[in-house]
Amino acid sequence: MKKIDVTEIEQVVEDNNKIVVTSHGAPDGDSIGSALALYHYLKGLGKDVSVVIPDDAPRFLHWIPGYDEINIHLNDTKHCEELMADAEVLFCLDFNALSRLFRLTPSAEASKAIKICIDHHQEPNSFPDHLLSEPGKSSTAEMIFEFICLLDGESVITKEIGTCIYTGILTDTGSFKFSSTSSDTHRVAASLIALGVNIAEIDDNIFGTAKKETVQLLGYCLSEKMVVHEEFQTAFMSLTQEEMVRFKFEKGDTEGFVNYGLTIEGVRFVAFFMEVRGIVKVSLRSIGDFNTNEFARAHFNGGGHKNASGGMSKLSIEETIEKFESLLPQYKDQLNK
Ligand code: 5GP
Ligand code: MN
């Protein structure tokens, strides 16, 4: 594994034709946005490029230009595995451990393609041949903007590419709010707006298309399921399968719910627990110094960033909550800093 060298990458792209762009399972705006931005760029160069991802993205991301051209392993397993096997170059975006490809992991491991990883999560694994890792960056999409500019200059960024990049930045920064949002992030957004990217339309596509039941589910979570532990400046919410069925849950519906706890004065650490296919998905967020990435790695087999991370638990949802609450006292000093 070596740090990325733009001249070398230029050569890799020039010398090879069959390229696959992949990103993590349980897709989000940044994984889809950065993958499709790079896809459009490479297609513009005339490359034989495909996007292959483990599973479908939530509905509120299906409008992104090029989404229909994505190959989804869960729906089209054989074709995706053929694409992976035939690839000469494999771009791995917005993740840094192959296990995050879920059932696509073995084909990525077996692939002989030159692996190039571009990512902003902490503590990258050593699987890629070339690594561009910038944990300080707001999003992989911001990195893709800079990467394309380094290779070819800003003039090659079309409105289509810009729309994908803006989507990644908007969703991964919580609408330009999280601490990873830098002056560079805003400069990239400014360039995209200058290119004609329609930011109001993107915002509405993402945040203005919820089902009535989803808004009601949020209300239910906030009024019935929120637990606050003032002594630890911590809040959490949880959802069982039964509750999700009651509110016609579809993948992605609870996106952003976890953040609401942080709007309570004094709360600096929040968790959200949700039953998903026999396990409990854990989402963690914090404001300030509390490191949710370390917490997720230590206790929930996960990871992510300092202020936003996730993981899973094989215990029941009740036991997972008990475990979470029993851990809080040992973090009391860090939580009350
Ligand atoms: P979310 O809570 O929205 O699912 O995830 C928040 C952040 O944590 C994302 O940046 C995501 O990449 C990371 N993350 C979520 N789940 C996992 C996981 O199971 N393992 C690792 N390593 N990171 C995760
Ligand atoms: Mn990301």
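Residues numbered from 1 in each chain as written. Chains lettered and ligands numbered in written order. Predicted model: local features only at pLDDT ≥ 70, side-chain atom pairs only at ≥ 80, totals over all residues. Heavy atoms only, no water.

Colleague: It is not clear to me how unusual backbone geometry should be interpreted in this structure. Could you clarify?
Modeller: Apart from glycine, the bulk of residues carry a negative phi angle, and the bulk of peptide bonds sit in the trans form. Phi at phenylalanine 102 takes a positive value of approximately 50 degrees, unusual for a residue other than glycine. Position of phenylalanine 102 among the secondary structure elements: in the loop between strand E5 (89–93) and helix H4 (105–110). Residue phenylalanine 102 is classed as partly exposed on the basis of its relative accessible area of 44%. Notably, glutamine 233 is not glycine yet its phi reads approximately 50 degrees, a positive angle. Examined against the element boundaries, glutamine 233 turns out to sit in the loop between strand E8 (227–229) and strand E9 (234–239). (Helix = DSSP H or I, 4+ residues; strand = E, 2+ residues; numbered from the N terminus. Buried < 20%, exposed > 50% of the residue type's maximum accessible area, 1.4 Å probe, protein only.)

Colleague: Looking at this structure, how should I read the packing of helix H5 (residues 140–152) against helix H7 (residues 183–194)?
Modeller: Each pair of packed helices can be described by the angle between their axes along with the distance between the axes. Between H5 and H7, the shortest axis-to-axis distance is 10 Å and the interhelical angle comes to 65 degrees. With respect to their mutual orientation, H5 and H7 come out roughly perpendicular. For the pair H5 and H7, the crossing hand works out as left-handed. Only Asp184, Thr185, Val188, Ser191 and Leu192 of H7 make contact with H5, whose side of the interface consists of Glu142, Phe145 and Glu146. (Axes fitted to C-alpha atoms, helices over the stretch in contact; angles between N-to-C directions. Parallel < 35°, antiparallel > 145°, perpendicular 65-115°, else oblique. Left-handed = near helix turned anticlockwise from the far one by under 90°. Contact = heavy atoms within 4.5 Å.)

Colleague: Teacher, can you tell me more about the site of ligand 1 here?
Modeller: The environment of ligand 1 is formed by 13 residues, the closest being Arg100, His121, Ser283, Arg285 and Gly303. In the environment of ligand 1, an oxygen atom lies 3.1 Å from a nitrogen or oxygen atom belonging to the side chain of lysine 281. Note that an oxygen atom of ligand 1 is positioned 2.9 Å from one of the side-chain N or O atoms of arginine 285. Relative to its unbound accessible surface of 490 Å², ligand 1 loses 76% to contact with the protein. Looking at the shell around ligand 1, the elements with two or more residues in it are strand E11 (279–286), strand E12 (303–304) and strand E13 (308–313). Considering every element that reaches the shell around ligand 1, the biggest residue donor is E13, with four residues. (Near = heavy atom within 4 Å. Polar contact = N/O pair within 3.5 Å; in protein donor to acceptor, adjacent residues only side chain to side chain. Areas by Shrake-Rupley, 256 points an atom, 1.4 Å probe, with all protein chains shown as cover.)

Colleague: How do you make sense of the environment of phenylalanine 147 when you look at a structure like this?
Modeller: Along the chain, phenylalanine 147 falls in helix H5. Overall, phenylalanine 147 belongs to the buried group, its relative accessible area being 3%. Sequence separation between phenylalanine 147 and leucine 132 is 15 residues; the distance between their C-alpha atoms is 9.4 Å. In contact with phenylalanine 147, other than residues within four places in its own chain, are Ile4, Ile9, Leu38, Phe91, Ile118 and Leu132.

Colleague: How should the domain arrangement of the protein chain be read in this particular structure?
Modeller: A common measure of how large an interface is: the accessible area buried when the components associate. For the protein chain, the assigned domains read domain 1 (7–206) and domain 2 (212–335). Here domain 1 and domain 2 have C-alpha centroids that lie 27 Å from each other. Of the residues lining the interface, twelve residues belong to domain 1; the matching set on domain 2 comes to eleven residues. A buried area of about 970 Å², summed over both sides, lies between domain 1 and domain 2, and 43% of it is on carbon and sulfur atoms. With a shortest N-O distance of 3.1 Å, lysine 251 and aspartate 55 are connected by a salt bridge. Summed over the shared surface of domain 1 and domain 2, the number is seven residue pairs in polar contact (both at pLDDT 80 or more). Partitioning the side of domain 1 that touches domain 2 into residue classes produces four nonpolar, four polar and four charged. (Domains from an automatic or database assignment. Buried area = accessible area lost by both parts, 1.4 Å probe. Salt bridge = Lys/Arg side-chain N within 4 Å of Asp/Glu carboxyl O. Nonpolar A, V, L, I, M, F, W, Y, C, P; charged D, E, K, R; others polar.)

Colleague: Could you clarify how one ought to interpret the packing of aromatic side chains in this entry?
Modeller: Two aromatic rings, taken as a pair, are described by how far apart their centres are and by the angle between their planes. Following the criterion strictly, the structure yields 16 aromatic pairs and no others. Centroid distance phenylalanine 269 to phenylalanine 295: 5.2 Å. Interplanar angle 70 degrees. Geometry classified as edge-to-face. Residue phenylalanine 269 is located in strand E10 (residues 269–276), and its partner phenylalanine 295 is located in helix H11 (residues 292–299); the two are separated by 26 residues in the primary sequence. Under the relative-accessibility criterion, phenylalanine 295 is labelled buried at 1%. Seen in terms of ring centroids, phenylalanine 295 and phenylalanine 324 are 5.9 Å apart; in terms of plane orientation they differ by 75 degrees. Their pairing is edge-to-face. Taken together, the residues phenylalanine 295 in helix H11 and phenylalanine 324 in helix H12 (residues 317–327) connect sequence positions 29 residues apart. Counting every residue linked through ring pairs, the aromatic cluster contains Phe236, Phe269, Phe273, Phe290, Phe295, Phe300, Phe324 and Tyr331. Across the ring face of tyrosine 220, the terminal group of arginine 246 is positioned such that the distance to the ring centre comes to 5.2 Å. (Phe/Tyr/Trp six-rings, centres within 6.5 Å; stacked < 30°, edge-to-face > 60°. Lys NZ or Arg CZ within 6 Å of the ring centre and 35° of its normal.)

Colleague: Looking at this structure, how should I read the nonpolar core?
Modeller: One broad trend across soluble globular proteins is that nonpolar side chains are buried collectively. Counting residues in hydrophobic clusters, the biggest one holds 51 residues, and the most contacted among them are Phe91, Ile118 and Ile165. Broken down by element, this core gets its largest block of residues, eight residues, from helix H2 (residues 29–44). Apart from residues no more than four positions distant in its own chain, isoleucine 165 is found in contact with Gly33, Ala37, Ala141, Phe145, Ile157, Val188 and Leu192. Listed in part, the 19 residues of the second largest apolar core include Ala271, Ile321, Phe324 and Leu327. (Core = buried A, V, L, I, M, F, W, Y, C linked by side-chain atoms within 4.5 Å.)

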